Amino acid sequence: MRRECEDGVLTYSFVLLLFCEGTFKSKHSPSLSIVIRTDGVWVDGSALEACSMSSSKPFYADWLERYEGLVKKHPNDVRVAVESLSMLTFFIPGRFGDVELISEASYVVLNLLELYHGRILDASRALTAGPLWHWRSFLTVMQETGVVLEMMSLSRGGEKGRWKFIFTIESIKALVRLHLVLSGEASVGGARVLADGGRFSTPLRRPDGSQSPGDSPSRRQNRDVVDAHVRQWRRDRYNTSLEGLKRESTLSQGKYRLLLGESLHVFRPVAYVALRRKLGASSWIPWLVSGIIDIFSLRYSNDGVQKCKKMDLKVGTSDVNTSPRAEFQRRQMLLLMYFMREPFYSMLTGRVAKSVLGTFAKIPLVGFFFEYFLEMLEYMKRYYFFWSGS
């Protein structure tokens, strides 16, 4: 019993001495080291302090390092595995409560995991983000979690709380996107084309660092040489004062149209949600106003890019892997989302889908595929962020 008490006193004294050593060391002498003796063994306090610091490392750090090494070593296999798990989320059985929320939350977690994998493979963020990576990360996360957050706001605040939440999210996203348009090295006269809503995109380079086909160094170098000769020829052509004034006027018009078009594109979702929230789903005004803004945005942005290009001024985008032409094609495809918006869906799209898919659903053996597709269409129609196009 006495021996146990002595051991306890020695242990307590040892811990106290270590604490005092750290306090005295930080205030007086960083090189001071306390040495104590327990049962004939001399122990250096500084060595034990180093051991204690190493033991403070999180328990999951080693597993995290191993996992990151696995992602770097087998990026394609990991990607296929995550995509397969994402597909399985569509088949979560309906016997669980809130199956829609569980399914969407599982899908969002896997998408965020894939986003984390991209962060591992592109540690410098040079391929997928660039200098404004933190803003683009925010927009990407908002895009992935939008439906789940909308479900939660609908269950807590009802229809009114849901649209209030959507308006808040779209307003914040619009301000962030406007910052991306007006910032960066690729901006032209204070504006550039916003690619994919400011979110991340697939890099041109493979995870192992090799370049994708069609982007070889020799081909890019030849293209740069040709562009340099063309720019020099055009500058020689515009040496006269009259031609120079025309060029400056055309450039000013191009920059103004580009800025106007991108501003309309950025604030279009905010205008639609504000009108939809005030006038309701049965009004045609939000649908028409949003469509008009999208059409004028495409026209002004495309016209601005063409004018700048004509005057030998290259226009960049917010993403290094996306060209303005590819972005405009994406926006044109997003116009198909208007078939999913009220009141057009209730008057035409929904009726046609129910009639056609309902007929095919009666076919033996394969009919359940068409029935499932119709159910998915109705399910996606209920939530704004599925068909928002923002």
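Scroll up to find the structure this text is about.
Here goes a summary of the coordinates provided. (Residues numbered from 1 in each chain as written. Predicted model: local features only at pLDDT ≥ 70, side-chain atom pairs only at ≥ 80, totals over all residues. Heavy atoms only, no water.)

## Examining the overall build of the protein
In step 1: A tally of helices and strands in the protein yields 13 helices and 2 strands.
In step 2: Within the protein, the fraction of its 390 residues that count as buried is 31%.
In step 3: Looking at the protein alone, contacts between residues at least 24 apart form 72% of all its contacts between residues at least 6 apart.
In step 4: Counting only carbon and sulfur atoms, one obtains 64% of the accessible surface of the protein, whose full area is about 24,100 Å². (Helix = DSSP H or I, 4+ residues; strand = E, 2+ residues; numbered from the N terminus. Buried < 20%, exposed > 50% of the residue type's maximum accessible area, 1.4 Å probe, protein only. Contact = heavy atoms within 4.5 Å. Areas by Shrake-Rupley, 256 points an atom, 1.4 Å probe, with all protein chains shown as cover.)

## Considerations on empty space enclosed by the protein
In step 1: In the structure shown here, the tally under the stated rule is 3 cavities of 30 Å³ or more.
In step 2: Residue lining of the largest cavity: His-265, Arg-268, Asp-294, Ser-297, Leu-298, Arg-331, Leu-334, Leu-335, Met-337, Tyr-338, Arg-341 and Gly-389, and that is the complete set.
In step 3: Going through the elements one at a time, helix H8 (241-279), helix H9 (285-310) and helix H10 (324-334) are the ones with two or more residues in the lining of the largest cavity.
In step 4: Per-element accounting of the lining of the largest cavity gives the leading share, 3 residues, to H9. (1 Å grid on protein atoms, 1.4 Å probe; cavity = no way out; pocket = protein on both sides within 12 Å on 5 of 7 lines; lining within 4 Å. Points joined across faces, edges and corners; volume = space filled by probe spheres on them.)

## As for the pattern of salt bridges
In step 1: On inspection of all chains with the given rule, the structure shows 12 salt bridges.
In step 2: Glu-262 is the partner of Arg-331 in a salt bridge, and the nearest nitrogen-oxygen pair spans 2.9 Å. Of this pair, Arg-331 sits in helix H10 while Glu-262 sits in helix H8, and the two are 69 residues apart along the sequence. For the pair formed by Arg-331 and Glu-262, the shared burial category is buried.
In step 3: Put simply, Arg-331 and Glu-327 hold a salt bridge, and the shortest N to O gap is 2.8 Å. You can see Arg-331 and its partner Glu-327 sitting in helix H10, 4 residues apart, about one turn around the helix. Grouping residues by exposure puts Arg-331 and Glu-327 together as buried.
In step 4: When salt bridges with common partners are traced through the structure, they connect Asp-196, Arg-199, Glu-262, Glu-327, Arg-330 and Arg-331 into a single cluster. (Salt bridge = Lys/Arg side-chain N within 4 Å of Asp/Glu carboxyl O.)

## Details of the packing of helix H3 (residues 61-73) against helix H5 (residues 99-121)
In step 1: Viewed as axis vectors pointing N to C, H3 and H5 meet at an angle of 80 degrees, and their least axial separation amounts to 10 Å. When the axes of H3 and H5 are compared, the pair comes out roughly perpendicular. Mapping the contact onto sequence places Leu-64, Tyr-67, Glu-68, Val-71 and Lys-72 in H3 and Leu-113, Tyr-116, His-117, Ile-120 and Leu-121 in H5.
In step 2: Tallied by class, residues from the contact of H3 with H5 come to 7 nonpolar, 1 polar and 2 charged. (Axes fitted to C-alpha atoms, helices over the stretch in contact; angles between N-to-C directions. Parallel < 35°, antiparallel > 145°, perpendicular 65-115°, else oblique. Nonpolar A, V, L, I, M, F, W, Y, C, P; charged D, E, K, R; others polar.)

## Considerations on the nonpolar core
In step 1: Within the largest apolar cluster, 19 residues are counted, with the highest numbers of intra-cluster contacts made by Ile-166, Val-273, Tyr-384 and Phe-385.
In step 2: Those elements that provide at least two residues to this core are helix H6 (133-182), H8, helix H11 (344-360), helix H12 (367-381) and helix H13 (384-387).
In step 3: For this core, the element with the highest residue contribution is H6, accounting for 6 residues.
In step 4: With residues up to four places along the chain from it excluded, the contact list for Tyr-384 reads Glu-150, Arg-162, Trp-163, Ile-166, Glu-170, Pro-269, Tyr-272, Val-273 and Ser-390.
In step 5: Residues Leu-180, Val-181, Val-266 and Val-270 belong to the second largest nonpolar core, which totals 9 residues. (Core = buried A, V, L, I, M, F, W, Y, C linked by side-chain atoms within 4.5 Å.)

## What about H9?
In step 1: Its 26 residues give H9 an end-to-end C-alpha distance of 37 Å, which sits within 8% of 38 Å, the value for a rise of 1.5 Å per residue.
In step 2: With its phi angle positive at about 65 degrees, Asp-312 sits one or two positions after the end of H9. (Expected span 1.5 Å × (residues − 1).)

## Some thoughts on the side chain of Glu-327
In step 1: We classify Glu-327 as buried; its relative accessible area is 1%.
In step 2: Engagement of the side chain of Glu-327 in a polar contact is seen with the backbone nitrogen of Asp-196, the distance being 2.8 Å.
In step 3: For Glu-327, the side chain forms a polar contact with the side chain of Arg-330, separated by 3.0 Å.
In step 4: Look past the residues within four positions of Glu-327 in its chain and what remains in contact with it is Val-193, Leu-194, Ala-195, Asp-196, His-265 and Thr-322. (Polar contact = N/O pair within 3.5 Å; in protein donor to acceptor, adjacent residues only side chain to side chain.)

Function-wise, these values are silent; they only describe arrangement.
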